[in-house]
Amino acid sequence: EAGVVQSPRYKIIEKKQPVAFWCNPISGHNTLYWYLQNLGQGPELLIRYENEEAVDDSQLPKDRFSAERLKGVDSTLKIQPAELGDSAVYLCASSPAFSGDLDTQYFGPGTRLTVL
Amino acid sequence: GQNIDQPTEMTATEGAIVQINCTYQTSGFNGLFWYQQHAGEAPTFLSYNVLDGLEEKGRFSSFLSRSKGYSYLLLKELQMKDSASYLCAVRATGYKLIFGSGTRLLVRP
């Protein structure tokens, strides 16, 4: 079974430029998550989708970050404009459902963003 | 507030046993997860505890005490490939997953 796919794996941009990350979850997984992970820290949730609906975006800095999951499958996370402090690894995860034991989350390899 | 504490780093010898502790204070509790993360790679699921007691999976075991807000991950017969970060994560109110900062384990020959 294919895992969570993310692209690109690495991205280097200058500050104030836009950037987008793409995620394709495990087939059949209804719930999709975007996390931010700083060096030496655990992942922090940015947004959670149930199918195409964003059900928890309380941690998403909405002035510059946006996300979409139009057909309830793959998702895109965008930053515009990027700031130096956005340098981090952006992880995507998916799970079959959002309650009970089926909530185990499976992570993609992440996109490492460097903002210069 | 939400607080999950783990040691920052641990060192152990190949073939030995190591225990990584995790204490938590969260608003609500609906289970605790352990993930392994090699440098530059995705976190991978290791174990899940929702009831008190020990869950064993091969060389890895995880223990939970809900009354003490405490869990540990036990790794037996350590191998060099076990060198990685180990993340403790609590599923809190609303089923939100809160991660600790991770414990970086170095296994030496």
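All of the points below concern the structure found in this document.

Criteria and cut-off values
- Residues numbered from 1 in each chain as written.
- Chains lettered and ligands numbered in written order.
- Predicted model: local features only at pLDDT ≥ 70, side-chain atom pairs only at ≥ 80, totals over all residues.
- Heavy atoms only, no water.
- Phe/Tyr/Trp six-rings, centres within 6.5 Å; stacked < 30°, edge-to-face > 60°.
- Helix = DSSP H or I, 4+ residues; strand = E, 2+ residues; numbered from the N terminus.
- Buried < 20%, exposed > 50% of the residue type's maximum accessible area, 1.4 Å probe, protein only.
- Contact = heavy atoms within 4.5 Å.
- Buried area = accessible area lost by both parts, 1.4 Å probe.
- Salt bridge = Lys/Arg side-chain N within 4 Å of Asp/Glu carboxyl O.
- Polar contact = N/O pair within 3.5 Å; in protein donor to acceptor, adjacent residues only side chain to side chain.
- Nonpolar A, V, L, I, M, F, W, Y, C, P; charged D, E, K, R; others polar.
- Disulfide = S-S within 2.5 Å.
- Pairing = 2+ DSSP bridges.
- Axes fitted to C-alpha atoms, helices over the stretch in contact; angles between N-to-C directions.

Let us look at the packing of aromatic side chains. Any aromatic ring pair is given by two values, namely how distant the centres are and how the planes are angled relative to each other. All names here are of chain A. A complete count under the given rule lists 16 aromatic pairs over all chains for this structure. Plain terms: the ring middles of Phe21 and Tyr90 are 4.9 Å apart, the flat faces sit at 25 degrees to each other, and that makes the pair stacked. With Phe21 in strand β3 (residues 19–24) and Tyr90 in strand β9 (residues 88–95), this pair connects stretches of sequence that are 69 residues apart. Each member of the pair, Phe21 as well as Tyr90, carries the same accessibility label: buried.

Taken together, the contact between chain A and chain B spans 24 residues of the former and 18 residues of the latter. Between chain A and chain B the total buried area reaches about 1500 Å² when both faces are included, carbon and sulfur atoms providing 53% of it. On the surface where chain A and chain B come into contact, there are zero salt bridges. For the pair chain A and chain B, the interface holds five residue pairs in polar contact (both at pLDDT 80 or more). By residue class, the composition of the side of chain A that touches chain B is seven nonpolar, 11 polar and six charged.

On to the state of the cysteines, then. What the rule picks out here adds up to two disulfides over all chains. Residue pairing for Cys23 of chain A: its cysteine sulfur links by disulfide to Cys92 of chain A, the two sulfurs lying 1.9 Å apart. Measuring handedness by torsion sign, the sulfur bridge of Cys23 of chain A and Cys92 of chain A sits at about -70 degrees and is left-handed. One end of the pair, Cys23 of chain A, is in strand β3; the other, Cys92 of chain A, is in strand β9, with 69 residues separating them in the sequence. On the basis of relative accessible area, Cys92 of chain A is assigned to the buried category, the value being 0%. Between the sulfur atoms of Cys22 of chain B and its disulfide mate Cys88 of chain B the distance is 2.1 Å. An S-S torsion of about -70 degrees defines the bridge between Cys22 of chain B and Cys88 of chain B as left-handed. Residue Cys22 of chain B is found in strand β3 (residues 18–25), and its partner Cys88 of chain B is found in strand β9 (residues 84–91); the two are separated by 66 residues along the sequence. Across the pair, Cys88 of chain B and Cys22 of chain B agree in class, each one buried.

Another point: unusual backbone geometry. All names here are of chain A. Residue Ser7 is joined to Pro8 through a cis peptide bond whose omega torsion reads -10 degrees. Within the secondary structure, Pro8 sits in the loop between β1 (5–7) and β2 (10–13). Following Gln80, the chain continues to Pro81 via a peptide bond in cis, the omega torsion being -5 degrees. In this structure, Pro81 sits in the loop between β8 (75–79) and β9. Although it is not a glycine, Asn51 sits at a positive phi angle of roughly 55 degrees. Residue placement: Asn51 occurs in the loop between β5 (44–50) and β6 (53–56).

Below, the discussion takes up the sheet that holds β3 of chain B. All names here are of chain B. Strand order in the open sheet formed by five strands is β1-β3-β8-β7-β6, and the pairing between neighbours is antiparallel. Looking along the sheet, the strands with just one partner apiece sit at the ends: β1 (3–5) and β6 (53–57). Across the sheet, the mean angle separating the axes of adjacent strands is 15 degrees when strand polarity is ignored. Of the pairings in the sheet, the one linking β6 to strand β7 (residues 60–65) comprises five bridges and is antiparallel in character. Bridge pairing in β7 links Lys57 to Phe60.

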